[in-house]
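Secondary and tertiary structure notes
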Number of protein chains: 6
Amino acid sequence: MRRDHRKPNQSRTISFIPDFTRYAEGSVLSCCGYTKVICNTSVEEGVPRFLRDQQHGWLTAEYSMLPRATHTRGEREVSRGKQNGRSTEIQRLIGRSLRNCIDLSLLKDYTLMIDCDVIQADGGTRTTALNGAIISVIHAIQTLQYKQKIKHDPLKYLLTAFSFGVVDDTVILDLNYEEDSHIDVDCNIVLTEHGDIAEIQGTGEKKPLKQEHLSTMLEMAQQAQPILLKTMRKAINRS
Amino acid sequence: MRRDHRKPNQSRTISFIPDFTRYAEGSVLSCCGYTKVICNTSVEEGVPRFLRDQQHGWLTAEYSMLPRATHTRGEREVSRGKQNGRSTEIQRLIGRSLRNCIDLSLLKDYTLMIDCDVIQADGGTRTTALNGAIISVIHAIQTLQYKQKIKHDPLKYLLTAFSFGVVDDTVILDLNYEEDSHIDVDCNIVLTEHGDIAEIQGTGEKKPLKQEHLSTMLEMAQQAQPILLKTMRKAINRS
Amino acid sequence: MRRDHRKPNQSRTISFIPDFTRYAEGSVLSCCGYTKVICNTSVEEGVPRFLRDQQHGWLTAEYSMLPRATHTRGEREVSRGKQNGRSTEIQRLIGRSLRNCIDLSLLKDYTLMIDCDVIQADGGTRTTALNGAIISVIHAIQTLQYKQKIKHDPLKYLLTAFSFGVVDDTVILDLNYEEDSHIDVDCNIVLTEHGDIAEIQGTGEKKPLKQEHLSTMLEMAQQAQPILLKTMRKAINRS
Amino acid sequence: MRRDHRKPNQSRTISFIPDFTRYAEGSVLSCCGYTKVICNTSVEEGVPRFLRDQQHGWLTAEYSMLPRATHTRGEREVSRGKQNGRSTEIQRLIGRSLRNCIDLSLLKDYTLMIDCDVIQADGGTRTTALNGAIISVIHAIQTLQYKQKIKHDPLKYLLTAFSFGVVDDTVILDLNYEEDSHIDVDCNIVLTEHGDIAEIQGTGEKKPLKQEHLSTMLEMAQQAQPILLKTMRKAINRS
Amino acid sequence: MRRDHRKPNQSRTISFIPDFTRYAEGSVLSCCGYTKVICNTSVEEGVPRFLRDQQHGWLTAEYSMLPRATHTRGEREVSRGKQNGRSTEIQRLIGRSLRNCIDLSLLKDYTLMIDCDVIQADGGTRTTALNGAIISVIHAIQTLQYKQKIKHDPLKYLLTAFSFGVVDDTVILDLNYEEDSHIDVDCNIVLTEHGDIAEIQGTGEKKPLKQEHLSTMLEMAQQAQPILLKTMRKAINRS
Amino acid sequence: MRRDHRKPNQSRTISFIPDFTRYAEGSVLSCCGYTKVICNTSVEEGVPRFLRDQQHGWLTAEYSMLPRATHTRGEREVSRGKQNGRSTEIQRLIGRSLRNCIDLSLLKDYTLMIDCDVIQADGGTRTTALNGAIISVIHAIQTLQYKQKIKHDPLKYLLTAFSFGVVDDTVILDLNYEEDSHIDVDCNIVLTEHGDIAEIQGTGEKKPLKQEHLSTMLEMAQQAQPILLKTMRKAINRS
């Protein structure tokens, strides 16, 4: 039994609050338990140098935490003059995953710039950020289509991100901060809505990850996916 | 008449949402019209070197905007490797003002660290941040007193911050973004609850500020103060 | 009575040494008591991106202190890799004030770049820098006119900067370093030659600023202005 | 068939040149085809603050490429003033993996500092670096034991790192640069010598990764492991 | 007698391993005793702004040490965010010397970018780097000529770099690390193949350098030059 | 004949204005023709880590130029976030030379920190800075002795710095900016008062330096030394 009485394969409540801020083309507050991430997508004209004049769009992401999103205050990244390694790793994960599910060749010369800012962190910030980022990107795309700036929907498929841990030889889904501090293994899996793997990052923290546990995680992800997809689809159709 | 039908001396709706995030000792979402600022106060043990071993606390503030708090996306400060000048100026204003109204000698060796993060910006972010910061600091002080970590209340008096502009020779209170872009003069005034000036920063943007306009601003601030104080006091007494 | 036997409304001796260095289009050593600031104005071709192709000039300022301008050595800003907050605040004040009194639309596509470098600091460096900067800018403008690069004089009016403090409930003008360390309130006022306020920055350091003290400061500034203007005008007409 | 006539499950030649440089406690040139990485392990006294006075060692890694390790010259990281995101990601992978297989509690207060510097890059630099890093760490541990600075061997198990890609629906092992530029899916798997997963990082570049392909990769890794282990063990026993 | 039984005017063994890495247009491992420096020359299209559209090439150099090239590990420069002063000084020396012996006006708009990376340091890294850099540049020039990208050989003359020290009033040639730590005087001399001085940098470390010792150094350099030139010429003609 | 009618071996007028600023323990304005450098020496308690608890002092130097010391404005170093290579090179030269002539073991645990800030640059800034730095250090030492903080005079001998160039096969002493831009060879020589070489830095800019020209420079330096020493000694004995 888990501290908060969840079963191993039980996620915390996930919700997406659309139009969370006014100005971004897509803006979602992504919540998973106490974890809350503002996911803003900005549409910018122009693409990086290596794509110029090719009528091929781009998408990139940035991730950060408010200093006091966590139990104790972390130093503001700009005060140290550089991003910490964890943020770098996460924003690269988010960018890569989203470039996987969006057909950038349909985006003309627009860049989708996604900002994930964690305002409250209770474990699972990277999956919560990624799930919110997808909704936020789709809202931005809807804006582009509504304004007739692009013709075709560049979304190839939805993505769903899940975090897993292994503790006492048991796989558990969606760790909160307290659980996250005590696990042996940490694994994040991003599935397409068709069940393929867009991204997988597994780390043996205290012990290595057994292959059968990896299989369990993939199964659990597939079982948990329909509910998450339903919540996502509701958030996508805002009207 | 102003675009949004306010009278010159009419403020937008101000509200403070207490306990906006879970972990900070004080956490307030400060709202003024569409402007929204998360104001978190962290209590940290220890003080800067110049105060060490003096049983004298410290207070400092940091200010930042989410990249897409504004109409167009601004580059993340950490990406440029340094804070922009405007943020530096504002966080120094907030820190100075709060050190004015808190008796730091009653804080033992605690540091109050205030983080003001603008999530939506429609003008007046520095006054909105400052008003929220005060509430957030008081909540943190209440926590310290409740846990019996300090004995006496270090708050000397409440502060209230107001922004003013001059347009067409008329003084107006509480500019939104659109107004802010067209004014001749910009002035922020921070009054103690007794009507003294904790901080004043006036700038002739297009024209200089006439002395009679400065008098008008001081009067307007005093007229607008009781309502703001009432809202603040309600937010302070959370129970 | 003040330590150096000045009356409350008495300034230290102010002087401007023109042509202090050889190469800048305007170069002034601005002195106020022991405070000495080199104010160099450079005329550069080209303007920032947001003004390009508009035949509209620009003006900006930078401020720094030599490491040993002060009683104890301060770390060189470049060694820390970034400017300190105080310098940022002051150079923004200087830039804003000067953009107020210069009609930039008459400057074609020239940028006036002002460098204020404090070589000796005994209080009042920001007002001393600002007063010197104005003279230095005017000298640079004279150079531009003499070389027939611009037609019309872009100077709208002269500015005069004054520093004030409150100590023992008394307003005093032009604080030296020793006074500056002990005051309750600190206020800098920049007046146009017509008595309007180009910039005002008042801070309650230990106590707030009473409104009647603010009035006294404005009066004192107006009384002290004619002498300063006379010294300035002499420095402007170098011949 | 692959360009260099390898079968899908065929690795390039892997070799480890021990004692590649003179001064590091462990120094290995790790080669995989044309990819060459200098892996130096330094033994330093002292541990990070969070481990102090606990008689518990630490291990961390840094990764970089010489500017001209690649086909075109890349800017030196110090010239931009910060590490690029890819390097950050890789060195975190290396550090995490090695902390997994070393029992840091047996390292007293020593820190093992691993430097992986790529001098020639033809794909697979992160797995080549990781494989070399393990040998280099073990050599450093041997030095510590030989000098009787630690008693027990802290190595829990050997690690073996493999890179995979999917191209034309076929899984291939150990991509060179040219293959790496054209794959649909990219996946790095680090196995313990017992076949558990120390780290897995899979990314759908152009398409997502099918679950059956992931299974194929895990099988291929297990088939390729004995040969790699044999090469490693020979390099470990230098005498 | 020196520790390693060399005579005062005796150099350690010098060798150049050509084509040390695969991708650079010129790549040499320059060895002098235990000191080893990878010298890569990259040919890049384009020149710095001040040379644009003049059909005049450019040459510049960068120098760095692997963290564990030395007896104890040095912090990676990118971790401190900036190059250390010693590296700056050395790379400026290398760049200046090579611009002296190459006729840049014959390089069209190509830039030769030299990277000297020390992988093992036992004294004399700057002279070893410079000697290797010359060979590496010449190889890159051969590549340019072979591909018929430039017509004429821009090499004006060969350079040879020597390091000297004074210890117990005796001049010694080519110091190793241990000697380097105990000398009174340190001097590096770069001679053209005609015996002129391309660069000289002498420093009294513990004592000043006597003029007669400087004369001795110049003589020793001239005596040692033929052997070094022979080794260089062999390395230049790779075939 | 030189443009300003000087003979090849004729220096511009050199002068040292002592007590140029009020607060530094030693403060000299060092002038050579139009070149002017403020040389401030600060006495600080404490030494770098590697000298701690050894009753052995330290000396270090920093060098910078005001942005408009030169004909065209240079970017402020802090704006780029790092020192330029030329400044690094010069301040290392100044520090090394002064550590050569001061017996640091007599300085207890004091650090002498020298700041050379060029306010006007017309060639020869490094030699002008160095000559002024020596006077400034000696003044600081006098202060230490006067306050009885150190017993013995740590000055071993005076240093004199000279700049040379070769133009049209003629050696000239003390180049101004205009000459400096056209020379073939550039050489700075620092002699002790006994004629030994504390530091020599010669660079073939356009052509290499012939050995006979080096001899001429050393002779010229020795001829020019007595006058410079006389001016220095007058500046040292301020009373």
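Before going into details, it helps to say that this report is about the structure given with it. (Residues numbered from 1 in each chain as written. Chains lettered and ligands numbered in written order. Predicted model: local features only at pLDDT ≥ 70, side-chain atom pairs only at ≥ 80, totals over all residues. Heavy atoms only, no water.)

**Regarding the packing of helix 3 (residues 125–146) of chain F against helix 5 (residues 211–236) of chain F**
Residue and element names in this part refer to chain F. Interaxial distance between helix 3 and helix 5 falls to 10 Å at its minimum, and their mutual angle equals 30°. As judged from the angle between their axes, helix 3 and helix 5 are roughly parallel. Regarding helix 3 and helix 5, the two cross each other, and that crossing is right-handed. Between helix 3 and helix 5, the residues in contact are Asn131, Ile134, Ile135, Ile138, His139 and Gln142 and Leu228, Met232, Ala235 and Ile236, respectively. Residue composition of the contact of helix 3 with helix 5, by class: seven nonpolar, three polar and no charged. (Axes fitted to C-alpha atoms, helices over the stretch in contact; angles between N-to-C directions. Helix = DSSP H or I, 4+ residues; strand = E, 2+ residues; numbered from the N terminus. Parallel < 35°, antiparallel > 145°, perpendicular 65-115°, else oblique. Left-handed = near helix turned anticlockwise from the far one by under 90°. Contact = heavy atoms within 4.5 Å. Nonpolar A, V, L, I, M, F, W, Y, C, P; charged D, E, K, R; others polar.)

**Let's talk about the interface of chain B and chain A**
Facing the 37 residues of chain B at the interface are 37 residues of chain A. When the buried surface of chain B facing chain A is broken down by residue, Tyr23(B), Arg68(B) and Arg73(B) rank first, second and third, together holding 27% of it. Our count for the chain B to chain A interface comes out at twelve salt bridges. The shortest N-O distance in the salt bridge between Asp117(B) and Arg76(A) comes to 3.0 Å. For the pair chain B and chain A, the number of links is 20 residue pairs in polar contact (both at pLDDT 80 or more). Elements with a contribution of two residues or more to the side of chain B that touches chain A: strand 3 (35–45), strand 4 (58–65), helix 1 (77–80) and strand 5 (110–120) of chain B. Grouping the amino acids of the side of chain B that touches chain A by side-chain chemistry returns 14 nonpolar, eleven polar and twelve charged. (Buried area = accessible area lost by both parts, 1.4 Å probe. Salt bridge = Lys/Arg side-chain N within 4 Å of Asp/Glu carboxyl O. Polar contact = N/O pair within 3.5 Å; in protein donor to acceptor, adjacent residues only side chain to side chain.)

**Looking at the relation of the copies chain B and chain A**
Each copy superposes on the other: chain B lies on chain A with an RMSD of 0.0 Å after a rotation of 180° and an axial shift of 0.0 Å. Look at the turn and shift together and you get a two-fold axis relating the two. (Least-squares fit on C-alpha atoms with pLDDT ≥ 70 in both.)

**Details of the sheet that holds strand 6 (residues 159–167) of chain E**
Sheet architecture is open: eight strands sit in the order 7(E)-6(E)-8(E)-9(E)-9(F)-8(F)-6(F)-7(F), paired in antiparallel fashion. Across the chains shown, the open sheet's two edge strands, defined by having one partner strand only, are strand 7 (170–173) of chain E together with strand 7 (170–173) of chain F. The average undirected angle you get between the axes of adjacent strands in this sheet is 20°. Here eight bridges tie strand 6 of chain E to strand 8 (residues 185–192) of chain E, and the two strands are oriented antiparallel to one another. Directly across from Gly165(E), in strand 8 of chain E, lies its bridge partner Asp186(E). (Pairing = 2+ DSSP bridges.)

**Notes on the pairing of strand 2 (residues 26–32) of chain E**
Residues and elements named next belong to chain E. When you tally the buried positions in strand 2, you get seven out of seven residues, the bulk of the element. Side chains of strand 2 alternate between two faces, with Gly26, Val28, Ser30 and Cys32 and Ser27, Leu29 and Cys31 buried alike. Strand direction decides the pairing type here: strand 1 (residues 14–18) and strand 2, joined by five bridges, are antiparallel. Residue pairing across strands places Ser15 opposite Cys31, the latter belonging to strand 2. (Buried < 20%, exposed > 50% of the residue type's maximum accessible area, 1.4 Å probe, protein only.)

**Here's the deal with the relation of the copies chain C and chain F**
Copies of the same chain, two in number, are related to each other by a rotation about an axis and a translation along it. For the pair chain C and chain F, the best superposition has an RMSD of 0.0 Å and corresponds to a rotation of 180° with a translation of 0.0 Å parallel to the axis. Comparing contact sets, 100% of the residues at the interface of chain C also lie at the interface in chain F, consistent with an isologous, same-surface contact.

**Considerations on the interface of chain C and chain F**
Listed by partner, the interface residues are 37 residues for chain C and 37 residues for chain F. Contact with chain F buries area across many residues of chain C, yet Tyr23(C), Arg68(C) and Arg73(C) alone supply 27% of it, more than any other trio. The interface formed by chain C and chain F holds twelve salt bridges in total. Taken together, the links from chain C to chain F amount to 20 residue pairs in polar contact (both at pLDDT 80 or more). Counting only elements with at least two residues in the side of chain C that touches chain F, the list comes to strand 3 (35–45), strand 4 (58–65), helix 1 (77–80) and strand 5 (110–120) of chain C.

**Quick word on helix 2 (residues 85–101) of chain C**
Residues and elements named next belong to chain C. In this model helix 2 runs 25 Å from its N-terminal to its C-terminal C-alpha over 17 residues, within 8% of the 24 Å that 1.5 Å per residue would give. Burial runs high along helix 2: 14 of the 17 residues are buried. Two or three places before Arg86, at the opening of helix 2, Asn84 has a side-chain oxygen 3.1 Å from that residue's backbone nitrogen. (Expected span 1.5 Å × (residues − 1).)

**Quick notes on the sheet that holds strand 3 (residues 35–45) of chain F**
Residue and element names in this part refer to chain F. Pairing is mixed in the open sheet, where five strands are placed in the order 1-2-3-5-4. For this open sheet the edge positions go to strand 1 (14–18) and strand 4 (58–65), each flanked by a neighbour on one side alone. Going across the sheet, the axis of each strand differs from the next one's by a mean of 20°, ignoring polarity. Pairing analysis gives eight bridges linking strand 4 to strand 5 (residues 110–120), with the strands arranged parallel. Among the inter-strand pairings, Glu62 is bridged to a residue of strand 5, identified as Asp115. Those strands touched by helix 2 (residues 85–101) are strand 4 and strand 5, and its axis lies near 150° from that of strand 4.

**Side note on helix 5 (residues 211–236) of chain B**
Here helix 5 of chain B is 26 residues long and its end C-alpha atoms lie 35 Å apart, about the 38 Å a rise of 1.5 Å per residue gives. Along its length, helix 5 of chain B reaches its greatest deviation from straightness, about 40°, at Gln225(B), and the proline Pro226(B) lies no more than four positions downstream. (Bend = angle between axes of the 7 residues up to and from the residue.)

**Description of the packing of aromatic side chains**
In this structure the tally under the stated criterion is six aromatic pairs over all chains. A ring pair is formed by Phe50(D) and Trp58(D), whose centres lie 5.3 Å apart and whose planes are at 85°; its orientation type is edge-to-face. The ring centre of Tyr34(B) lies 3.5 Å from the NZ or CZ of Arg22(A), which sits over that ring. (Phe/Tyr/Trp six-rings, centres within 6.5 Å; stacked < 30°, edge-to-face > 60°. Lys NZ or Arg CZ within 6 Å of the ring centre and 35° of its normal.)

**Concerning the pattern of salt bridges**
Pairing is possible between side chains that carry opposite charge, provided their charged atoms lie close to one another. Under the counting rule described, the total for this entry stands at 120 salt bridges over all chains. Asp174(B) serves as the salt-bridge partner of Arg6(B), at 3.4 Å between the closest nitrogen and oxygen. Placement of Arg6(B) in the segment before strand 1 (14–18) and of Asp174(B) in the loop between strand 7 (170–173) and helix 4 (177–180) is noted, with a sequence separation of 168 residues between them. Looking at Arg6(B), the relative accessible area reads 5%, which means it is buried. By sharing partners, the salt bridges in this structure join Arg2(A), Asp4(A), Arg6(A), Arg12(A), Asp122(A), Asp174(A) and Glu179(A) into a single network.

**Things to note about the packing of helix 5 of chain B against helix 5 (residues 211–236) of chain C**
Orientation of helix 5 of chain B relative to helix 5 of chain C, taken along the N-to-C sense of each, is 175°, at an axis distance of 13 Å. Judged on the interaxial angle alone, helix 5 of chain C and helix 5 of chain B are roughly antiparallel. Mapping the contact onto sequence places Gln211(B), Leu214(B), Leu218(B) and Gln222(B) in helix 5 of chain B and Gln211(C), Leu214(C), Leu218(C) and Gln222(C) in helix 5 of chain C.

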